[in-house]
Amino acid sequence: MADVAILETRERVFAGILLTGAAYLLFSTQDASIKLLVTGMTVWQIMFFRSITILGACAAIGGRQLFADTVRSPIVRPMLVRSAFTLAAWLCYYNAARSLQFAELTTVYYAAPIIVTVFSVFLLGEKVPMSRWLAVLMGFAGVFVACDPTHLGLSVPVLLVLAAALLWAIAIVLLRKTALAERSMIQLLLNNFYFLLFSAVPALSWWHTPDLAQLLLLASVGALGGLAQYLLFEGMKRTPASILAPLEYSSLLWAFALGFAIWGDVPRREVFLGAALIIAAGLLIVGGEHLRKRL
């Protein structure tokens with residue numbers, strides 16, 4: 001029985017890693033779409049459209065029963081706090097997207113996984129072995145080498161991204177607490193209901209009527225964001241936050257690929273070295289977890 005329990009735990013951890021990795025791919029694609037949109041409309045309006053799209057999908061999938069279960073959920077108040085931190089992080093991040101290249105934006109933001117690992121120790125009481133700390137630092141070193149953020153300076157956009165990293169790290173730690181207390185569809189509905197409430201007045205106050213191309217991008221943002229959130233919630237249920245934190249570095253690889261495909265950004269040779277460090281960090285965390293479960 002003990003061997004079966006260990007196997008089930010190991011499978012849950014790796015399922016969480018796969019789900020979370022897929023979530024970050026979708027989040028990167030969403031971010032690229034939003035970067036295209038912020039040149040013509042406010043972040044508030046984008047979040048407003050996104051929330052409506054996701055809530056509509058929740059209604060279609062879960063029906064009235066989902067809304068009834070959500071009203072009775074014990075995480076209604078905790079999700080309000082987490083949603084506020086998440087929205088604040090996104091407002092900082094996407095407003096900075098107007099001024100920074102996609103690769104630069106992603107680079108500065110990757111202070112977040114280190115903060116998540118630190119917070120997971122002090123706020124969640126998770127035990128973080130040396131291999132995970134090494135993976136986080138290796139991943140951040142890869143980001144630093146790939147993008148060389150030292151030339152960016154402490155401009156307002158950079159400070160906004162750093163603020164976003166701190167706020168997102170807090171939101172991820174809070175998510176770890178709520179993810180264990182409720183099923184993912186209820187979290188998804190609550191999260192986007194709060195986003196809708198927060199963004200409605202500013203979005204309508206600074207309204208910009210979107211054209212057809214913008215409408216298509218807004219729809220894709222809703223679809224990508226909703227699915228990414230669901231996968232992230234499911235991943236968080238299965239795996240400790242400190243294990244998942246280094247996996248967020250995979251978004252950098254997608255950011256460079258999307259930057260090249262959309263804006264024609266050509267990666268420098270440092271990018272390949274940085275990518276190697278990031279991949280090594282991911283392999284270290286997965287291999288370390290696999291070895292730890294066998295011992």
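Residues numbered from 1 in each chain as written. Predicted model: local features only at pLDDT ≥ 70, side-chain atom pairs only at ≥ 80, totals over all residues. Heavy atoms only, no water.

Under an unreviewed UniProt entry, the name given to the chain is DMT family transporter, and the organism recorded is Mesorhizobium intechi. Quoted straight from UniProt, the Subcellular location (unreviewed entry) entry for the chain says "Membrane". (UniProt positions renumbered as here; feature names shortened; annotations may be inferred.)

A.B. asks: I'd like to hear about the overall build of the chain, residue by residue, with values.
C.D. replies: A count of helices and strands for the chain gives 12 helices and zero strands. Secondary structure elements of the chain occur, N-terminal to C-terminal, as α-α-α-α-α-α-α-α-α-α-α-α. The proportion of buried residues among the 295 residues of the chain is 51%. Within the chain, residue pairs in contact and separated by at least 24 positions form 91% of the contacts whose partners lie at least 6 positions apart. For the chain, the accessible area works out to roughly 13300 Å², and carbon and sulfur atoms hold 71% of it. (Helix = DSSP H or I, 4+ residues; strand = E, 2+ residues; numbered from the N terminus. Buried < 20%, exposed > 50% of the residue type's maximum accessible area, 1.4 Å probe, protein only. Contact = heavy atoms within 4.5 Å. Areas by Shrake-Rupley, 256 points an atom, 1.4 Å probe, with all protein chains shown as cover.)

A.B. asks: An account of the packing of aromatic side chains is requested, with residue identities and associated values reported.
C.D. replies: Counted by the stated rule, this structure contains 10 aromatic pairs. Ring geometry for Tyr24 against Phe27: centres 6.4 Å apart, planes inclined by 45 degrees, an arrangement best described as tilted. Taken as a pair, Tyr24 and Phe27 lie in helix 1 (residues 2-37) at a separation of three residues, close to a single helical turn. According to the relative accessible area criterion, Tyr24 is buried, its value standing at 4%. Exposure remark for Phe27: the relative accessible area of 8% places this residue in the buried category. Within the aromatic cluster, the residues linked to one another by ring pairs are Tyr24, Phe27, Trp90, Trp168 and Phe195. Taking the ring centre of Trp263 as reference, the NZ or CZ of Lys35 above it sits at 5.7 Å. (Phe/Tyr/Trp six-rings, centres within 6.5 Å; stacked < 30°, edge-to-face > 60°. Lys NZ or Arg CZ within 6 Å of the ring centre and 35° of its normal.)

A.B. asks: Tell me about a nonpolar patch on the surface, and name the residues and values.
C.D. replies: Residues Leu80, Phe193, Leu197 and Phe198 make up a contiguous nonpolar surface patch of roughly 340 Å² in combined accessible area. Its place among the elements puts Phe193 in helix 8 (residues 184-205). Classification of Phe193 by relative accessible area gives partly exposed; the value is 37%. (Patch = residues over 30% accessible without salt bridge, like charges linked within 9 Å, V, L, I, M, F, W, Y side chains within 5 Å. Salt bridge = Lys/Arg side-chain N within 4 Å of Asp/Glu carboxyl O.)

A.B. asks: Run through the confidence of the model for the chain, naming residues and quoting values.
C.D. replies: Per-residue confidence for the chain averages 83 on the pLDDT scale, and 88% of its residues sit at or above 70. Averaged over each element, pLDDT in the chain is lowest for helix 12 (residues 269-294) (71) and highest for helix 2 (residues 43-71) (93). (pLDDT = per-residue confidence, 0-100.)

A.B. asks: Hey, could you go over empty space enclosed by the protein for me, with residue numbers and the actual values?
C.D. replies: The final tally for this structure, using the stated rule, is four cavities of 30 Å³ or more. Estimated volume of the largest cavity: approximately 230 Å³. Around the largest cavity sit 18 residues that line it, and Phe27, Asp31, Tyr93, Tyr109 and Glu248 are the ones nearest its centre. Among the elements that line the lining of the largest cavity, the one with the most residues is helix 1, at five residues. Here the lining of the largest cavity is built from residues that sort into 12 nonpolar, four polar and two charged. If you add up the space inside the second largest cavity, you get close to 40 Å³. Along its surface, the second largest cavity is lined by Phe27, Arg82, Thr86, Trp90, Trp168, Leu175, Asn191, Gln229, Leu232 and Phe233. (1 Å grid on protein atoms, 1.4 Å probe; cavity = no way out; pocket = protein on both sides within 12 Å on 5 of 7 lines; lining within 4 Å. Points joined across faces, edges and corners; volume = space filled by probe spheres on them. Nonpolar A, V, L, I, M, F, W, Y, C, P; charged D, E, K, R; others polar.)

A.B. asks: Explain the side chain of Lys35 to me, using residue names and the numbers behind them.
C.D. replies: Its location among the elements puts Lys35 in helix 1. No salt bridge is formed by the buried Lys35; the nearest opposite charge belongs to Asp265, separated by 7.7 Å. Those residues in contact with Lys35 that lie beyond four places of it in its chain are Ala97, Leu100, Gln101, Phe102 and Trp263. (Lys, Arg positive; Asp, Glu negative; His and termini not counted.)

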